[in-house]
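Observations on chain architecture
So you can see what is in the structure, the chains are spelled out below.
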Amino acid sequence: HASVYRGVVESVNWPERSLSLNAGPFSGNVRIEYDHLVLALGTVTDLRHVPGMPEHAFLMKNVGDAMQLRTTVIGRIEEASLQTRSEIRERLLTFVVVGGGYTGVETAGNLLDLFSTIHSYYPGIARADLKVWLIHSGEHLLPTLNRRLGEYSAEKLQERGLKLLLNQRVKSVTANRVYLENGSEIEANTVISTVGNAPHPLVTSFCQASGLETCFHARHIGAQ
């Protein structure tokens, strides 16, 4: 006894208890009235809290992102194999993953696996030349799990060559460099962001309409 509509909610008129639903480019918006509204939208990605991150970082949210990153990584290695200037070569072969949750740990591990698989095809590049950094703001990886599991993951990844920085945040990002809050820098042409979760805009618009300051606090925490 339910009616199901497939579309994108463009906006919600909170005082009038109605929403604007877009079902596609040819039908226009449809107004739907409601008595009760349940918001189960999940989060969106917001990288604006780190200058340069939206412009220069790769996202890792879905299979398409993973395919794009794999192509980019192979392209960087191809480019480095032809590069004779050491400073440029080092930047091309350095990869920085931001965020030590599930996605960040899995991405870093997959990069190490990829290098182990393909480095034999590039005799001019030593295995040690390929560097993967993982930067995490917490005390241990995988913070939603038991600390021992996070520490075990860190140990195994470091045994495979991962360079791990804990209790550290990224301050800003450029096309060639990652700046950390402790003042240090990492020269790299490839940055992968697995952080930046923020509430959906419809949720924040509800907070604005209702004057719920806690929602904006939650957005700040989520972005970190």
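The model shown is predicted, which means the values in this text are computed figures rather than measured ones.

**A few points about unusual backbone geometry**
What you tend to see is this: most non-glycine residues have negative phi, and most peptide bonds are trans. Residue L142 is not a glycine yet carries a positive backbone phi of 50°. Mapping L142 onto the fold places it in the loop between β7 (131–135) and α5 (147–159). With relative accessibility at 8%, the residue L142 sits in the buried group. Despite not being glycine, N167 has its phi angle at roughly 55°, a positive value. Within the secondary structure, N167 sits in the loop between β8 (163–165) and β9 (170–173).

**Some words on the environment of T194**
Positionally, T194 belongs in the loop between β12 (190–193) and β13 (197–199). A relative accessible area of 14% means that T194 is categorised as buried. T194 has contacts with M60, K61, V97, V98, G99, T103, G104 and T107, leaving out every residue within four places of it along the chain. A polar side-chain atom of T194 sits 2.7 Å from the main-chain carbonyl oxygen of V98. In terms of polar contacts, T194 uses its side chain to reach the backbone carbonyl oxygen of G99, at 3.4 Å.

**Points about the sheet that holds strand β2 (residues 18–22)**
Taken together, three strands build an open sheet; the order of strands is β1-β2-β3 and the sheet is antiparallel. Only two strands of the sheet have a single partner each, and these edge strands are β1 (8–13) and β3 (29–33). Going across the sheet, the axis of each strand differs from the next one's by a mean of 25°, ignoring polarity. Of the pairings in the sheet, the one linking β1 to β2 comprises five bridges and is antiparallel in character. Bridged to S11 within β2 is S20.

**Focus on the packing of helix α2 (residues 63–81) against helix α4 (residues 102–118)**
Closest axis-to-axis distance for the α2/α4 pair is 12 Å, and the angle between their directions is 45°. Taken together, α2 and α4 sit at an angle that is classed as oblique. Seen from above, α2 lies across α4 with right-handed handedness. Every residue of α4 that contacts α2 at L69, R70, V73, I74 and I77 is listed here: T107, L111, L114, F115 and I118. Looking at side-chain class alone, the contact of α2 with α4 contains eight nonpolar, one polar and one charged residues.

**Some words on a nonpolar patch on the surface**
On the surface, L37, L39, L41, F206 and L212 cluster together to form a nonpolar patch covering roughly 350 Å² of accessible area. Here L212 shows up in the loop between α6 (201–210) and α7 (213–223). For L212, a relative accessible area of 34% gives the class partly exposed.

**Section: α6**
Burial in α6 covers these residues: L202, T204 and C207. Just beyond α6, the residue with positive phi is G211, at close to 70°.

**Focus on the sheet that holds strand β10 (residues 177–180)**
The strand order across the open sheet formed by three strands is β9-β10-β11, and the pairing between neighbours is antiparallel. Strands at the two margins of the open sheet, each flanked by one partner only, are β9 and β11 (185–187). Ignoring strand direction, the axes of neighbouring strands in this sheet form an average angle of 20°. Direction of pairing for β9 relative to β10: antiparallel, over a ladder of three bridges. Across the sheet, the residue bridging to S172 is Y179, located in β10.

About the cut-offs
All chains use their own residue numbering, which begins from 1 and follows the written sequence. It should be noted that, the model being predicted, local features are given only for residues of pLDDT at least 70 and side-chain atom pairs only at 80 or more, the latter also being counted only at that level, while totals for whole chains, interfaces and linings use all residues. As a rule here, side-chain values come from all non-hydrogen atoms in the structure, and water together with hydrogens is ignored. Strands are runs of DSSP state E lasting at least two residues, helices are runs of H or I lasting at least four, and both sets are numbered from the N terminus onward. Accessible area is worked out with a 1.4 Å probe on protein chains only. A residue is then buried under 20% of its type maximum, exposed over 50%, and partly exposed in between. Should any heavy atoms of two residues lie within 4.5 Å, those residues are counted as being in contact. N or O atoms within 3.5 Å of each other form a polar contact, as long as, within protein, one can give a hydrogen and the other can take it, and as long as residues adjacent in sequence are counted only when both atoms are side-chain atoms. Think of it this way: DSSP has to see at least two bridges between two strands before they count as a pair. Each axis is a line fitted through C-alpha atoms, taken for helices only over the stretch in contact, and angles between the N-to-C directions span 0 to 180 degrees. In these notes the angle categories are as follows: under 35 degrees is roughly parallel, over 145 is roughly antiparallel, 65 to 115 is roughly perpendicular, and the rest is oblique. Here a crossing is called left-handed whenever its near helix is offset anticlockwise from the far helix by less than a right angle, and right-handed whenever the offset is clockwise. Side-chain classes are defined by residue name, with Ala, Val, Leu, Ile, Met, Phe, Trp, Tyr, Cys and Pro counting as nonpolar, Asp, Glu, Lys and Arg as charged, and the others, Gly among them, as polar. Only residues whose relative accessible area exceeds 30% and that form no salt bridge are eligible for patches; like-charged ones are grouped when within 9 Å, while nonpolar side chains (Val, Leu, Ile, Met, Phe, Trp, Tyr) are grouped when within 5 Å. Accessibility throughout is a Shrake-Rupley quantity obtained with a 1.4 Å probe, and a residue counts as covered only by protein chains that appear here. Only one rule defines a salt bridge in this text: a Lys or Arg side-chain nitrogen within 4 Å of an Asp or Glu carboxyl oxygen.

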